[in-house]
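Results of the structural survey
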Amino acid sequence: MLKHDVVIVGGGLAGCRAAVEIARTDPKLDIAVVAKTHPIRSHSVAAQGGIAATLKNVDASDTWEAHAFDTVKGSDYLADQDAVELLAREAPDVVIDLEHMGVLFSRLPDGRIAQRAFGGHSHNRTCYAADKTGHAILHELVNNLRRYGVQIYDEWYVLRLILEDGQVKGIVTYNIRDGHLEVVRAKAVMFATGGYGRVYNTTSNDYASTGDGLAMTAMAGLPLEDMEFVQFHPTGLYPVGVLISEAVRGEGAYLINSEGDRFMANYAPSRMELAPRDITSRAIALEIRASRGIHPDGSAGGPFVYLDLRHMGQEKIMSRVPFCWEEAHRLVGIDAVHQPIPVRPTVHYSMGGIPVNTDGQVRSSGDNLVEGFFAAGECACVSVHGANRLGSNSLLECVVYGRRTGAAIAQYVQNRKLPIIDEQRYITEAQRRLQALLEQPGKYRINQVRTAFQDCMTQHCGVFRTAEIMQEGLQQIQQLQLQYPDIYLDDKSTCWNTEIIEALELQSLFVVGQVILASALNRQESRGAHYREDYSDRNDTEFLKHTMAYYSPAGIDLQYRPVTITMFEPQERKY
Ligand SMILES: Cc1cc2nc3c(=O)[nH]c(=O)nc-3n(C[C@H](O)[C@H](O)[C@H](O)COP(=O)(O)OP(=O)(O)OC[C@H]3O[C@@H](n4cnc5c(N)ncnc54)[C@H](O)[C@@H]3O)c2cc1C
C-alpha cells in the first residue's frame, strides 16, 4: 500500500495549483498527484481565451466589485456571494503570481499583461496568452511540481474513494500501464478531476472529461450540487463540436444568421455578441429553430449559424486568435480570413459539482464537512458560477480555489496521523469489479451503449427542457443502464487496456447523467443555463436555492441548501 500526506486526484490547473501551494506552505509534506492522463494532457491545456482579473492594465476604471457583480449577475443570482467576493478580490494576485512563475502572457506595448473583452464582463479584464492560455499556464505549473518534488503518478486511473465513518482515508487506483491495483492512503485526499462534457454527444471537452470524480463522490453517498446547470458554449465548430473560443467575439467577431443579420440585436442589444453564454446559446438555438440557420450548401433552414471574422482582417486574426483560425482550417477547411465559420452550441462546462466551502473542504450536507476530503476546479461547486459561468472565470476559479484549497490542506494535515485501511478488502473488491468486466460474456459493445446514452442525454436534457422530455430521458437511461452488465471487452490483457478504462468511464457517465436529469426535473423554473419551456420564468420564491442530489442505485434523493447573498440583491437579469 502506498502512503502520502496528501494525494491529489487530477493534474489540471486546480490540482497542480493546489500541489504547488501545499509544497510552498510546508515543504516537508509528502504530496502525490494521480492522474489518468499525463498532467499536461489534462483538459486545462485546451483552454483558449483567458483568465479574468482586475489588473486595470487596459481599463483603469475596473474594480473587483465590478468583477464580482458581473459574476453574480451572470450566475443568475445563484452564486454564493462570499465565494465570488474571494474570487474577484484574489484574482489580480494569483495572476501576478502565475506571471512570476514564468507564464508567458500576451503583452501590451509597454510590457504589462494584455487584457481583452469577454462575454458578460463589463470591462476588458481577461488576461491571455494569444488563444492558448491554458497551455501557457498548465505547462508552467507542471514544471513547478517537479521543482517542488511532488510525486506524479500519471496514467493511473482512480476508481474508488475510500470513505469510512465520515472520514476519507484514501483511494483505490488502477495503473493503466500494467493493470495492477494500488490502495493509496493519505491524511487528506483532494479531487480536481475536471468536468463531464462526454455525458453529451457533442462537446468541446476532451475524451477524458467523463465526470469520474463526481461519480466516485456520489457513489460514496456524498451529495452533488446544482448539477442541472450544464453550460452550452455558443460557438462549437460545426459539425465536430470543438471550441471556437469566445475570445474571437471578444476581439470583435459577429454572429450572423441565414439572412445576414446580426441577430443578437434581438436578444441582448446592449451586449450583442458578448452577452453571457446561456443567452447567446439560446439565441442561436432559437434562430436555428426559426429556420434562420444555415445548411452546408449555404441555403437557409440548416443546423448552424455563422461566426464572421472577415472584417477583423488577417493581421488581427493571426495575432490574437491564431489557434481558432487553425482549428477551423484544419478540421472543416474554412479560411476564416475570407469565409465565415459554421458554429452551433456545444456542451462545454459544468457549473455544478462536489459541494465545498471556501477552503475547498467537501460538504456532506448543509454545513457539515467530510473529514480529510477536499475538491477544487471544475469538479467542485463552491458556487462562484451559480446557474451560468462567465468565460475566463473558470481558469480563475482553478487558480484561486486551487491555491486556497492547497493552503487549507497544508494546515489540515498538520499533526494528523495516517489513517488505517483494510487494504485487502479494497483490492479484492476492485479485482472483482475488473474481473467481472473482463469475463462477462456480454452482447453489447461499449461504444454502442455509450453512444445511445450520449444521444439520449443530448435529446432529453439540452438547451431547452420540459418535464415530459426529461422524464422520458430518465426512463430511457435507466433502461440503458441495464445493458451495462452485458457489455463485452475484446481486450482481455492487463497492459494498456483502454477498453477497461472506457468501461469504467461509462459507469461514471451513467451516474452523472442521472443526477443531471433528476436535478433538472425538480427545478421547476428557468435560471441561467437551465431553461424550462414549461416554466419559463425564474422563480426566486421557490428556487433561489442550491440543489443537493444524493445518488443511490435505487434512486436520487434531492435536498436543497440556501444561497449566500451578501452584496447584491437578486434583480431581473437584462443585457
Ligand atoms: C476547449 C476549452 C476551452 C476552455 N477555455 C477556457 C478559457 O479560456 N478560460 C476559462 O476560464 N476556462 C476555459 N475553459 C474551462 C477550463 O479550461 C476548465 O474548466 C478547467 O481548465 C478545468 O480544470 P481542472 O483542473 O478542474 O480539470 P482538468 O484540467 O479537466 O483536469 C482533470 C484532471 O483529472 C484527471 N482525472 C479525471 N478523472 C480521473 C480518474 N478517474 N483517475 C485519475 N485521474 C483522473 C485527468 O487526468 C486530469 O489530469 C475551457 C474549457 C475547454 C474544454
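Residues numbered from 1 in each chain as written. Predicted model: local features only at pLDDT ≥ 70, side-chain atom pairs only at ≥ 80, totals over all residues. Heavy atoms only, no water.

On to the site of the ligand, then. Close contacts around the ligand come from 39 residues, with Ser42, His43, Ser44, Gly49 and Glu378 the closest. A distance of 2.5 Å is found between an oxygen atom of the ligand and a side-chain nitrogen or oxygen belonging to Ser44. Take Leu395: an N or O atom from its main chain is 2.7 Å from an oxygen atom of the ligand. Burial of the ligand by the protein chains amounts to 97% of its free accessible area of 1,000 Å². At the level of elements, α1 (13–25), β2 (31–35), β7 (156–164), α5 (212–219), β14 (341–350) and α10 (394–412) are the ones that each hand at least two residues to the shell around the ligand. (Near = heavy atom within 4 Å. Polar contact = N/O pair within 3.5 Å; in protein donor to acceptor, adjacent residues only side chain to side chain. Areas by Shrake-Rupley, 256 points an atom, 1.4 Å probe, with all protein chains shown as cover. Helix = DSSP H or I, 4+ residues; strand = E, 2+ residues; numbered from the N terminus.)

In this section: the sheet that holds strand β5 (residues 126–127). Sheet architecture is open: 3 strands sit in the order β3-β5-β4, paired in antiparallel fashion. Since the sheet does not close on itself, it has two edges, and those belong to β3 (51–52) and β4 (115–116), each with one partner. Bridging between β3 and β5 involves 2 bridges; their strand directions are antiparallel. Among the inter-strand pairings, Ile51 is bridged to a residue of β5, identified as Cys127. (Pairing = 2+ DSSP bridges.)

Working note: regular strand, side chains alternate between the two faces of the sheet. The pairing of strand β9 (residues 181–191) with strand β17 (residues 368–375) spans 3 bridges and is classified as parallel. Bridging across to β17, Met190 finds its partner in Phe374. The antiparallel pairing of strand β16 (residues 361–365) with β17 creates a hairpin that spans 2 residues between the two strands, and Gly366 there sits at a positive phi of about 25 degrees.

As a further point, take the nonpolar core. Taken as a class, soluble globular proteins show a tendency for nonpolar side chains to be buried jointly. Core analysis: the biggest nonpolar cluster contains 146 residues, and Ile51, Phe191 and Ile516 have the highest contact counts within it. Setting aside residues no more than four positions away along its own chain, Ile51 makes contact with Val95, Leu98, Phe105, Arg125, Thr126, Cys127, Thr133, Ile137, Ser392, Leu395, Leu396 and Val399. Core analysis: the next-biggest nonpolar cluster, separate from the first, contains 29 residues, Met264, Trp325, Ala328 and Ile334 among them. (Core = buried A, V, L, I, M, F, W, Y, C linked by side-chain atoms within 4.5 Å. Buried < 20%, exposed > 50% of the residue type's maximum accessible area, 1.4 Å probe, protein only. Contact = heavy atoms within 4.5 Å.)

Now for the side chain of Asp97. Summarising the element assignment, Asp97 is placed in helix α3 (residues 81–101). Looking at Asp97, its side chain comes within polar contact range of the side chain of Arg17, at 3.0 Å. Within polar-contact distance, the side chain of Asp97 engages the side chain of Arg24 at 3.2 Å. Excluding its chain neighbours within four sequence positions, the residues that come into contact with Asp97 are Arg17 and Arg24.

Here the focus is the packing of helix α13 (residues 467–481) against helix α14 (residues 498–522). Interhelical geometry of α13 versus α14 gives an angle of 155 degrees and a closest axis separation of 10 Å. For the element pair α13 / α14, the angle class is roughly antiparallel. Relative to α14, α13 is oriented so that their crossing is left-handed. For the pair α13 and α14, contact is made by Ala467, Met470, Gln471, Gly473, Leu474, Ile477, Gln478, Leu480 and Gln481 and by Phe510, Gln514, Leu517, Ala518, Ala520 and Leu521, respectively. (Axes fitted to C-alpha atoms, helices over the stretch in contact; angles between N-to-C directions. Parallel < 35°, antiparallel > 145°, perpendicular 65-115°, else oblique. Left-handed = near helix turned anticlockwise from the far one by under 90°.)

Feature annotation in UniProt assigns "active site" (unreviewed entry) to the following positions: Arg277. The residue Arg277 is located in helix α7 (residues 277–289) in this model. Given the relative accessible area of 5%, Arg277 is considered buried. Once residues within four sequence positions are removed from consideration, Arg277 is found in contact with Phe118, Gln231, Phe232, His233, Pro234, Glu246, His348, Asn388, Arg389 and Gly391. Within the structure, Arg277 has its side chain in polar contact with the side chain of Glu246 (distance 2.5 Å). (UniProt positions renumbered as here; feature names shortened; annotations may be inferred.)

In this section: the sheet that holds strand β22 (residues 555–562). Paired through their backbone hydrogen bonds, the strands of a sheet run either parallel or antiparallel. The antiparallel open sheet is built from 3 strands, whose spatial order is β10-β21-β22. In this open sheet, the two strands that pair with only one neighbour each are β10 (224–225) and β22. When β10 meets strand β21 (residues 545–552), the two strands line up antiparallel, connected through 2 bridges. Considered in β21, the bridge of Glu225 is made with Met548. Across the sheet, α14 is in contact with β10, β21 and β22; its angle to β22 comes to roughly 55 degrees.

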